[in-house]
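One-letter residues, chain by chain:
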Amino acid sequence: MFTLHLLLPLVALSVHALGKLEPADGKLLFGAWVDTSSISISGGDSPGAFNERIGFHASAFQFYQHLPLKPPVDGPPDYDVPNHNPDGSIKMSVLNDGTNAAMFLTIYPDRGLSEAAVTDNHIIALANQASAILETTGRHLYLRLAPEMNGDWFPYGQQPEAYVAFWKRFHRLFTPIAPQVALVWSPNFRAPNGKYLYDPYWPGEEYVDWVGVSIYWKGLANKYPWIENTLAPSNYAAQLLDADGPEGSTQSLYRDYAVKYAKPLVISESAAAFHMGHRGQALGEGIGQVATVMSFWNSFIFSTAFRSKYPLVKMVFCFEMVKTEDADTTNDYRATADPATLAEFRKGLAALDEAGVVLWAGSGEVSPAVTSGSVDAVTSTAGSSTVGNIAVVVPVTAVSSSASVSADKASEKVVIVSPSAAAVVGLQTKSGGFTVSAPLLVVAVLMVGWV
């Protein structure tokens, strides 16, 4: 026989069930995409240098790879020799932050979406690489696959049927090998003219862990080409994310995908463009870089009202680069390069920190990913696991999308979280005779001992 010892009370609440690698409600992961390339002006940056500038350890850092891999070139368009290995894979040494920050890997299938362009073996190789990253670093890993697919600036863009077929094939091959990786579906925001649609590119809720979107402030939509530095509307991010004003579209990405399918949402790229030059000619500062940049961020994560209204926004990446684009306009997207702008940006981050909002890397709240080398039961969608005497832990920051189970061989622990508020989680000992079922448990510890 056995006895069941309840160390902490089981708490059943009608709250949002956490998805894969999703932080607890009310918490935010703040990351950056810094320019580790050899390009002039913004190149030569690093995660460690970014952390020094902001005075905190960023929760995550973003990098990219091509699919299939493409050897780097120390020239246009990527200048990517410093941050990629000779075969085109990301150099893990560029993640030099010295913390347990998560890795957010953007994948560009820029040869096309067909099986001839991206073979099954290419996908399997990427899955094995992702699994190796988990094993060797212990970091969480998010994978943003073929982003901004609804736009017309990538070779794979605006091909909805091919995109959906590609995504489902990728999921089928990738997920069994690297099940702890969170897949991010991330379109560009839908323009006011409705040009960049969402619905045709949605592969289905069972194929997506996170919803993402790119949001930039460059100027009002009807003022293109954007060559004047101006204030962003006070609710600009909400307009783009939630169709809450003239700069957005008639469809809310937030409500139609994040809320409808109970998915966490990441702002995969975000920044305000400070326009520096146009067609080789310097541009006037207008209202200045501080006002331009901070008007965007103050409409966004530095706004208590925004965070309260959009609680599923769980991760944000600032884009820290200089680019020439949009009718040959040179834009400085960095919030941390200009000293005056950085000072104001740091105040916003400090306020978030004081409010306990951000889960900074190294804080102890962003736990290392469980890896196949340290478990004897890898992530499963079965909702149950056959193990010996066990401790069951359901922390408020637990991360899983489907009642996943992972066991630590040394401590005989199982970490488990239910897939929805009404889900039932079941466990059974190797000898049989013990099961536990409960709705969503926020914080609970059960100990099973045989007498």
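See the structure shown above.
These remarks concern the structure in this document.

Basis of the calculations
Here the residue numbering is sequential within each chain, running from 1 through the sequence in written order. Local features are withheld for residues below a pLDDT of 70 in this predicted model, meaning they are given only at 70 or higher, and side-chain atom pairs are given and counted only at 80 or more; totals for whole chains, interfaces and linings count all residues. Computation of side-chain values: all heavy atoms of the structure, hydrogens and water removed. Strands are runs of DSSP state E lasting at least 2 residues, helices are runs of H or I lasting at least 4, and numbering of each runs from the N terminus. Should any heavy atoms of two residues lie within 4.5 Å, those residues are considered in contact. Accessible areas in this description were obtained via Shrake-Rupley with a 1.4 Å probe; residue shielding takes into account the shown protein chains only. Cavities and pockets are found on a 1 Å grid laid over the protein atoms alone: a cavity is a set of points where a 1.4 Å probe fits but cannot escape, a pocket is an open set with protein on both sides within 12 Å along at least five of seven lines, and a lining residue has an atom within 4 Å of such a point. Grid points are joined across faces, edges and corners, and a volume is the space filled by probe spheres set on the points. Classification used: nonpolar for Ala, Val, Leu, Ile, Met, Phe, Trp, Tyr, Cys and Pro, charged for Asp, Glu, Lys and Arg, polar for all others including Gly. Throughout this description, buried means an accessible area under 20% of the type-specific maximum (1.4 Å probe, protein chains only), exposed means over 50%, and partly exposed covers the range between. Whenever two N or O atoms come within 3.5 Å, that pair is a polar contact, provided that in protein one can donate a hydrogen and the other can accept it, and provided that, for residues adjacent in sequence, both atoms are side-chain atoms. Here, strands pair whenever DSSP counts at least two bridges between them. Where helices are involved, their axes are fitted lines through C-alpha atoms of the stretch in contact, as for all axes, and angles between N-to-C directions lie from 0 to 180°. If an angle is under 35 degrees, it is roughly parallel; if it is over 145, roughly antiparallel; if it lies from 65 to 115, roughly perpendicular; otherwise it is oblique. Note: crossing handedness is left-handed where the near helix turns anticlockwise from the far helix by less than a right angle, and right-handed where it turns clockwise. Nonpolar cores were defined as sets of buried Ala, Val, Leu, Ile, Met, Phe, Trp, Tyr and Cys residues, with membership established by side-chain atoms within 4.5 Å. We define a salt bridge as a side-chain nitrogen of Lys or Arg found within 4 Å of a carboxyl oxygen belonging to Asp or Glu. Ring pairs shown here join Phe, Tyr and Trp side chains whose ring centres sit within 6.5 Å, with only the six-membered ring taken for Trp; geometry is labelled stacked below 30 degrees between planes, edge-to-face above 60, and tilted in between.

Looking now at the overall build of the protein. Across its full length, the protein holds eight helices and 20 strands. Long-range pairs, those at least 24 residues apart, make up 71% of the contacts in the protein between residues at least 6 apart in sequence. With an accessible surface of roughly 18200 Å², the protein has 55% of that area assigned to carbon and sulfur atoms.

This brings us to the layout of surface pockets. Approximately 1500 Å³ is the volume attributed to the largest pocket. Forming the walls of the largest pocket are 49 residues, and the residues nearest its centre are Glu148, Trp153, Glu269, Lys323 and Glu325. Those elements that provide at least two residues to the lining of the largest pocket are strand E2 (29-34), strand E3 (60-66), strand E7 (210-217), helix H4 (236-242) and strand E12 (322-325). Class assignment of the residues belonging to the lining of the largest pocket gives a composition of 26 nonpolar, 11 polar and 12 charged.

Residue position: Asn150 is located in the loop between strand E5 (141-145) and helix H3 (160-174). Under the relative-accessibility criterion, Asn150 is labelled buried at 1%. Of note is the side chain of Asn150, whose polar atom sits 2.9 Å from the backbone nitrogen of Asn188. From its side chain, Asn150 meets the backbone oxygen of Leu197 in a polar contact 3.3 Å long. In this view, Asn150 contacts Gln158, Pro187, Asn188, Tyr196, Leu197, Tyr198 and Tyr201; residues no more than four positions away in its chain are not counted.

What follows covers the sheet that holds strand E9 (residues 274-278). The strands making up a sheet associate through hydrogen bonds between their backbones, and the pairing can be parallel or antiparallel. The four strands lie next to each other as E10-E9-E13-E12, forming an open sheet whose pairing is antiparallel. The open sheet has two free edges, formed respectively by strand E10 (281-282) and E12, since each of these has just one partner strand. As paired elements, E9 and E10 share two bridges and run antiparallel to each other. Looking across to E10, one finds that Gly277 is bridged to Ala282.

Relative to each other, helix H6 (residues 289-298) and helix H8 (residues 339-354) sit at 25°, their axes nearing to 9 Å. Our classification of the angle between H6 and H8 gives roughly parallel. In this structure, H6 crosses over H8, and the sense of that crossing is right-handed. Contact residues: Gln289, Val290, Val293, Met294 and Trp297 in H6; Ala340, Thr341, Glu344 and Phe345 in H8. Among the residues making up the contact of H6 with H8, the classes are represented as six nonpolar, two polar and one charged.

Next up on the list: the side chain of Ser37. Considering the arrangement of structural elements, one finds Ser37 in the loop between E2 and helix H1 (47-54). Residue classification places Ser37 among the buried residues on the basis of a relative accessible area of 7%. Within polar-contact distance, the side chain of Ser37 engages the side chain of Asp35 at 2.6 Å. With residues up to four places along the chain from it excluded, the contact list for Ser37 reads Gly43, Gly44, Asp78, Tyr79, Pro82 and Asn83.

Residues Phe170, Phe174, Trp185, Leu241, Leu265 and Trp297 are the most contacted members of the largest nonpolar core, which totals 96 residues. Considering each element in turn, this core owes the most residues, seven residues, to H3. Discounting residues that sit within four places of it in the chain, Trp297 has contacts with Ser270, Ala271, Phe302, Val316, Cys318, Ala335 and Phe345. With 13 residues, the next largest nonpolar core counts Tyr142, Trp210, Val266 and Phe317 among its residues.

Tracing the sequence through the fold places Phe300 in the loop between H6 and helix H7 (304-309). By relative accessible area, which is 0% here, Phe300 ends up buried. Placed 63 residues apart in sequence, Phe300 and Ala237 show a C-alpha to C-alpha distance of 5.7 Å. The residues touching Phe300, leaving out its near neighbours within four places in the chain, are Ala237, Ile267, Ser270, Phe306 and Val316.

The next subject is the pairing of E12. Examined bridge by bridge, E12 and strand E13 (residues 329-332) share four bridges and lie antiparallel to one another. Residue pairing across strands places Val322 opposite Asp332, the latter belonging to E13. What sits between the antiparallel neighbours E12 and E13 is a turn of three residues, in which Asp326 has the positive phi angle 45°.

Right, let's get into the pattern of salt bridges. Taken as a whole and assessed by the stated rule, the structure comprises 16 salt bridges. One salt bridge connects Arg53 with Glu320, and the closest N-O pair in it is separated by 3.9 Å. A residue pair is termed long-range when its members are at least 10 positions apart, and Arg53 in helix H1 and Glu320 in strand E11 (residues 313-320) qualify at 267 residues. One network of salt bridges, with partners in common, ties together Lys218, Lys323, Glu325 and Asp326.

Turning our attention to H6. Across the 10 residues that make up H6, a large majority, seven, are buried. Along H6, the residues classified as buried are Gln289, Thr292, Val293, Met294, Ser295, Phe296 and Trp297.

The tally for this structure, following the rule as stated, stands at 37 aromatic pairs. Judged by centre distance (4.9 Å) and plane angle (85°), the ring pair of Tyr224 and Trp226 falls under edge-to-face. With relative accessibility at 19%, the residue Trp226 sits in the buried group.

Note that all results are geometric; they support no functional claim without further evidence.
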